Amino acid sequence: MLCLLVLSMLFVYSTPLLSQEVGSISGLVRDAETGDVLTGANVYIKGTSNGTSTDLRGFYLLKNVPTGEQTIVVSYLGFNSTELTVQISGKIRTERDIALEENFYELEGIVVQTNLQGQARALNQQKTALNIKNVVAADLIGRFPDPNVAEALRRVPAITVQRDQGEARYIQIRGTNPNLSNISVNGEQIPSPEGGVRFVALDMIPSDVLTSIEVNKAITPDMDGDAIGGAVNLNTLSAVSGKIMKATIAGNFNNQMDDYSPLGGQLSAAYGDRTNNNKLGYLVSASYTRHNRGSDNNEMEYSDGDLEVLELRDYELTRERVGVITSLDYKVSPTSQFFFNGYYNYFSDQELRRRVNVELDKFGREFKDRFEEQQIFSASFGGDHSLNNRFKIDYMASYSYADQNTPKDRQIVFEQEVEDAEGDAIDLVTFDRRDPDYPQWNLTPDAATAGAGVYNYDAFEFDSFEENSELTTDQHFTSRLNLTNYYNIGSDVVGELKFGGLFRTKLKDRDPNVQIFDFDGDLQFADVQSDFVDNNFLSNEYAQDLGFVSDADLIREFFNANMANFELEEDDSIVDSESERYNATENTYAAYAMTELRKGAWSGIIGARYEFTDIEYTGNIVEFDADGNLLPVREETGTNDFGFFLPMVHLNYAATPLTNIRFAWTNSFARPNYFDLAPYQIINREDEEIELGNPALDPTRAMNFDLMAEYYFNSVGIISAGVFYKRLENFIYIRNFEFSSTGNLNGFEATQPVNGDDADLWGFEVNLQQQLNFLPGFASGFGIYANYTYTYSEATLFNADGVARTVALPGQAESIGNFALSYEKFGFSGRVAMSYAGAFIDELRANEGDDRFYDEHLQIDVSATQRVAPNVQIFAEINNLTNQPLRFYNGVSSRPEQQEFYSFWMNAGIKFRF
């Protein structure tokens, strides 16, 4: 309430000042040599606190400028500051474009700084922002071997990633899991195409359709409040200043796929321009990538620390990624415009999985053929208008759609068991864990006598065949409105008072269709056996590798030719389909008020946001009676609502023109994952077990404190250090407990997402980016990119027996670091980059010793680009030189649960820009 009181007083105090006669000045800030606009330039009236920074279009607008002669000062990292004198007339807007000269010095006629314009643009945006953020420019993204957005974000301080098939997929900011952060494109949230979660797999978005990435680590009241970890905004390409023509053609190679098809390709292009006296701007960009990927994998399951199941898996994948961006804007005047933005992303994954299961009492051979595709589409229309020298209005309406479609997911299973005279299964193997990463097995005497064996193909019998499909959709309808009033308090305090609101409707629907078949006939493993053998599986750690596996074409042909003999297992099919089917409707209403204040070296934001959400979910109750018979499926509806008042304060002190000291106190929250809120129940009366969703879940709430110091090198670079603390309430985890109910389910063993007690998370981060151009001669081309983050967290939850235990938050890695040594000179740009993330809890389980950990990850990548003509570059990139695996472990590192190896992959091609 204190924030609202201060805002009200400011509004009342500033109202009489609105009658004073003032003018305004606006224009573009450009690079004098190239004509490119400069984003994040600092523009202010000399001798006053009245200042601003240029936006993504390079446009600045200074309002409330006193009449008479004024001196405008413009500064930008990597460029010489400039001053110009203008005559301001009351109630009239003065237009002045400003050109800055680079201060990148030359040595013997050769420009030392050749590729730093993008980095300068990003650091200037970061420097002039009123909140704590990191900005990554497209140029810097392009100089690392990062094909998708998640790969690019792992270079940012305090961000870790989760991977799939070697590629970064989900991001985790400052030790929080992916669901606690917000992802948007051009300021609008991205809907999630995945079935049960809110977060987005960022490996589906190519990095070459972006102009910059903003990571807001301390949000402001005019941003969506569901961002405990942070808010990531992806800014797409647009025709901000003039003609854009660029293209990339490349090929790629995956060493893991040398037995299959290791080659793929990349093609991207963008074209945009401004016409009609620069009033109309348009841009179209498209990107297509095809990768052939694969992995060798072993997975283990334990009971009380003893190995019980070993799986050997071989993956073969083809992935395609498409990105299309459209941008259109029309300037009615330099301070009034309409815009339209659209983007479309498509991602497909054709997966073949060959699996051998070795269990104590049975063997299995399974083959999976799955095709999955995801797409995200968004279209937004809006406007931005200055009504006079004191007021501005901006608005936007958008529609976003995402889906995940799995039209084909086939799996065939063969099993081998041996029974004794009483019909009980006998033990087939004993495990040897002297090498815990690659456990071996030995046949028992009884199994050897019976002729059992993983490689005895004739002993395998058909078990089941599955034909599955699923469609999940997520739709967002959003409208926003913001009003800004520019005011002065006295002669040395300049402010912006901003109010706004939002309405958003979300519609989420998940529709799985599982069909499990038995076969009434004679189906032998030899009928669908392939002649393919992976002769180097896991570097021959297993003497006979996987052996022979099933063939996708033979399975498809056999099924189509013998459909009449395949019998649908109705109960199992219904359970697997209906237990995960749900739909959701969520309506969010938000309003905020904030003011930006500037006085001398001080600036800041004070304000508050209120968000209210009402939800309605439907799920299914799937129940088995005491005899194990499936009862009719029943639909259940659940409702809930929650509101959050989120006060925020940001303070910045410019100790010198290149030094910022920042403090932020913010409040934020995170809604539960979709499926956690669904009112589903799976009741097994025979075994007295129940699994259920929780429509009554409360969102997680956080109070956040940040303190950051930054020093910017005028030669384009930064050194910064900061500390942060988060106090979380109602964090969510999956709990196993004894169900308490007045009905006949009392005492059942239950599994349900629940709210935990409070949790604490704190840490610090340091960051250095510097071009070493002060060194002599050849050495002046070297540069350093380095950051390190330390985090620590404590949360309390309850074991299955009700005993409290203290854990780290899932997703919180203690140490995160990046280091890159670069060289920029003579048209050459090269990097050797290392990224490291420590181990973290991935899944909390009933007992502490069984928690699933995501192991530490150290990856080294190399990239190089050479300019061969003024508008032409050739490049080459190599990822994962150290063959770093994806690795999970059970409680302790010596009990691996999953190890997945990818070898290295590379990309090479040519870039054109005109």
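Rules of the game
Residues numbered from 1 in each chain as written. Predicted model: local features only at pLDDT ≥ 70, side-chain atom pairs only at ≥ 80, totals over all residues. Heavy atoms only, no water. Helix = DSSP H or I, 4+ residues; strand = E, 2+ residues; numbered from the N terminus. Rg over C-alpha atoms; globule rule 2.2 N^0.38 Å. Buried < 20%, exposed > 50% of the residue type's maximum accessible area, 1.4 Å probe, protein only. Lys, Arg positive; Asp, Glu negative; His and termini not counted. Charge placed at Lys NZ, Arg CZ, Asp CG, Glu CD. Salt bridge = Lys/Arg side-chain N within 4 Å of Asp/Glu carboxyl O. Contact = heavy atoms within 4.5 Å. Pairing = 2+ DSSP bridges. Arc of directions from axis to C-beta. Phe/Tyr/Trp six-rings, centres within 6.5 Å; stacked < 30°, edge-to-face > 60°. Core = buried A, V, L, I, M, F, W, Y, C linked by side-chain atoms within 4.5 Å. Axes fitted to C-alpha atoms, helices over the stretch in contact; angles between N-to-C directions. Polar contact = N/O pair within 3.5 Å; in protein donor to acceptor, adjacent residues only side chain to side chain. pLDDT = per-residue confidence, 0-100. Patch = residues over 30% accessible without salt bridge, like charges linked within 9 Å, V, L, I, M, F, W, Y side chains within 5 Å. Areas by Shrake-Rupley, 256 points an atom, 1.4 Å probe, with all protein chains shown as cover. Expected span 1.5 Å × (residues − 1).

Just give me the short version of the overall build of the protein chain, but keep the residues and values in it.
The helix and strand tally for the protein chain stands at eight helices and 51 strands. Scaling as 2.2 N^0.38, a compact globule of 914 residues should have a C-alpha radius of gyration of about 29 Å, and the protein chain matches this with 30 Å. With respect to the three principal axes, the spread of C-alpha positions in the protein chain is 105 × 70 × 45 Å. For the protein chain, buried positions account for 58% of its 914 residues. Taking the average location of the 70 positive side-chain charges in the protein chain and that of its 135 negative ones, the two points are 15 Å from each other.

Tell me about the pattern of salt bridges, and name the residues and values.
Tallied over the entire structure, the rule returns 66 salt bridges. Between arginine 410 and glutamate 467 there is a salt bridge, and its shortest N-O distance comes to 2.7 Å. With a gap of 57 residues between them, arginine 410 in strand S24 (residues 391-416) and glutamate 467 in strand S27 (residues 461-489) connect regions that are remote in the sequence. For the residue pair arginine 410 and glutamate 467, the accessibility class agrees, reading buried in each case. For arginine 671, the salt bridge identified is with glutamate 611, shortest N-O distance 3.3 Å.

Which residues make up the environment of valine 136, and what are the values?
For valine 136, the location among the structural elements is in strand S11 (residues 133-137). In this structure valine 136 comes out as buried when scored by relative accessible area, which is 9%. Measuring from C-alpha to C-alpha, the distance between valine 136 and threonine 791 comes to 22 Å, with 655 residues separating the pair along the chain. The contacts of valine 136, once residues within four sequence positions are left out, are Ala122, Ile141, Val156, Ser212 and Ile213.

Which residues make up the sheet that holds strand S17 (residues 230-236), and what values do they have?
Reading across from one edge, S11-S16-S17-S14-S15 is the order of the five strands in this open sheet, with mixed pairing throughout. In the strand order of this sheet, the two ends are held by S11 and strand S15 (188-189), each with one partner. As defined by bridge partners, strand S16 (residues 210-216) adjoins S17 across six bridges and the pair is classed as antiparallel. Its bridge partner being in S17, glutamate 214 is matched across the sheet by asparagine 233.

An account of helix H6 (residues 552-561) is needed here, citing residue identities and associated values.
By the burial criterion, the buried members of H6 are Ala552, Ile555, Phe558 and Phe559. Buried residues of H6, viewed axially, fall in a sector of 135 degrees; they line one side. Of the exposed residues in H6, the ones pointing more than 90 degrees away from its buried face are Glu557 and Ala561. Residues of H6 that are buried make contact with strand S22 (336-359), strand S23 (363-386), S24, S27, strand S28 (493-519) and strand S29 (566-568).

Hey, could you go over the packing of aromatic side chains for me, with residue numbers and the actual values?
Within a pair of aromatic rings, the relevant descriptors are the distance that separates the centres and the angle that separates the planes. In total, this model carries 44 aromatic pairs according to the counting rule given. On the basis of an interplanar angle of 45 degrees and a centroid distance of 4.9 Å, the ring pair of tyrosine 399 and phenylalanine 477 is categorised as tilted. Residue tyrosine 399 is located in strand S24, and its partner phenylalanine 477 is located in strand S27; the two are separated by 78 residues in the primary sequence. A residue is classified by how much of its surface remains accessible, and phenylalanine 477, at 37% relative accessible area, is partly exposed. Between phenylalanine 737 and phenylalanine 739, the aromatic rings sit 6.5 Å apart at their centres with planes inclined by 40 degrees, giving tilted as the arrangement.

Provide a residue-level description of the nonpolar core, including the pertinent values.
If you look at the biggest cluster of nonpolar residues, it comprises 43 residues, and the most contacted ones within it are Val358 and Trp441. Ranked by the residues each element gives to this core, the list is headed by H6, at four residues. With near-sequence residues (within four places) excluded, valine 358 lies in contact with Glu308, Val309, Leu310, Phe363, Val429, Phe431, Trp441 and Val454. Core analysis: the second largest hydrophobic core is formed by 35 residues, Val136, Leu153, Ile183 and Val232 among them.

Describe the pairing of S16, naming the residues involved and giving the relevant values.
Counting buried positions along S16 yields six of seven residues, so the element is predominantly enclosed. Sheet analysis places S11 next to S16, joined by five bridges and oriented antiparallel. The partner of valine 136 across the bridge, within S16, is isoleucine 213.

Describe in detail the pairing of S24, supporting the description with residues and values.
Bridge count between S23 and S24: 23 bridges; the pairing is antiparallel. Bridge pairing in S24 links aspartate 384 to aspartate 394. Where S23 folds back onto S24 in an antiparallel hairpin, the turn is made up of four residues. Taken together, the 23 bridges between S24 and S27 define a ladder with antiparallel strand orientation.

Describe the sheet that holds strand S3 (residues 51-53), and please don't skip the residues or the numbers.
Reading across the sheet, the four strands line up as S3-S2-S5-S6 and stay open at both edges, with antiparallel pairing between neighbours. With one partner strand each, in any of the chains shown, S3 and strand S6 (82-88) form the two edges of the open sheet. In this sheet, neighbouring strand axes are inclined to one another by 20 degrees on average, regardless of whether the strands run parallel or antiparallel. Where strand S2 (residues 42-45) meets S3, three bridges bridge the pair, whose relative direction is antiparallel. Bridged to asparagine 42 within S3 is serine 53.

Describe the side chain of threonine 595, and please don't skip the residues or the numbers.
If you trace the backbone, threonine 595 turns up in strand S30 (residues 582-599). Looking at threonine 595, its side chain comes within polar contact range of the main-chain oxygen of glutamate 496, at 3.0 Å.

So what's going on with the environment of alanine 786? Which residues, and what values?
Mapped onto the elements of the fold, alanine 786 is located in strand S41 (residues 782-798). With 556 residues separating them along the chain, alanine 786 and glycine 230 place their C-alpha atoms 21 Å apart. Not counting residues within four places of it along the chain, the set of residues in contact with alanine 786 comprises Val766, Asn767, Leu768, Asn818 and Phe819.

Now, about the environment of leucine 360: what can you tell me, with residues and values included?
Mapped onto the fold, leucine 360 is located in the loop between S22 and S23. Sequence separation between leucine 360 and leucine 428 is 68 residues, and the spatial gap between their C-alpha atoms is 5.7 Å. If sequence neighbours within four positions are ignored, leucine 360 has contacts with Glu308, Ile426, Asp427, Leu428, Val429 and Phe431.

Explain unusual backbone geometry to me, and be specific about the residues and the numbers.
In the Ramachandran plot, asparagine 278 falls in the positive-phi region, its phi being about 70 degrees despite a non-glycine side chain. Of note, asparagine 278 is situated in the loop between strand S19 (263-275) and strand S20 (280-303). One non-glycine residue, asparagine 540, lies in positive phi territory at about 60 degrees. Note on placement: asparagine 540 falls in the loop between S28 and H6.

Which residues make up the confidence of the model for the protein chain, and what values go with them?
In the predicted model, the protein chain carries a mean pLDDT of 90, and 96% of its residues have values of at least 70. The model gives residues 8-19 a pLDDT under 50, and that stretch makes 16 contacts with residues more than four places away or in other chains. Note that pLDDT drops below 50 for residues 105-114; the model gives that stretch 20 contacts with residues more than four away or on any other chain.

Lay out the side chain of aspartate 273 in plain terms, naming residues and giving numbers.
Structurally, the position occupied by aspartate 273 is in strand S19. A polar side-chain atom of aspartate 273 sits 3.5 Å from the main-chain amide nitrogen of lysine 243. Non-local contacts of aspartate 273, meaning those with residues more than four positions away in its chain, are made with Ala239, Gly242, Lys243, Leu280, Gly281 and Tyr282.

Before we move on, can you summarise a nonpolar patch on the surface with the specific residues and values?
Taken together, the side chains of Trp602, Leu651, Tyr653, Ile661, Phe663, Met703, Phe705, Leu707, Val723, Phe764 and Val766 present a nonpolar region at the surface, about 900 Å² in accessible area. Mapped by element, the contributors of at least two residues to the nonpolar patch are strand S32 (634-656), strand S33 (659-670), strand S36 (700-713) and strand S40 (759-771). Among the elements that line the nonpolar patch, the one with the most residues is S36, at three residues. Its location among the elements puts valine 723 in strand S37 (residues 717-729).

Mind laying out helix H2 (residues 117-128), listing which residues take part and the relevant values?
Compared with the 16 Å implied by 1.5 Å per residue over 12 residues, the 17 Å span of H2 between its first and last C-alpha is a close match. Judged by how many residues are buried, H2 sits mostly within the fold: 10 of 12 residues are covered. Within the sequence span of H2, burial applies to Gly118, Gln119, Ala120, Ala122, Leu123, Asn124, Gln125, Gln126, Lys127 and Thr128.

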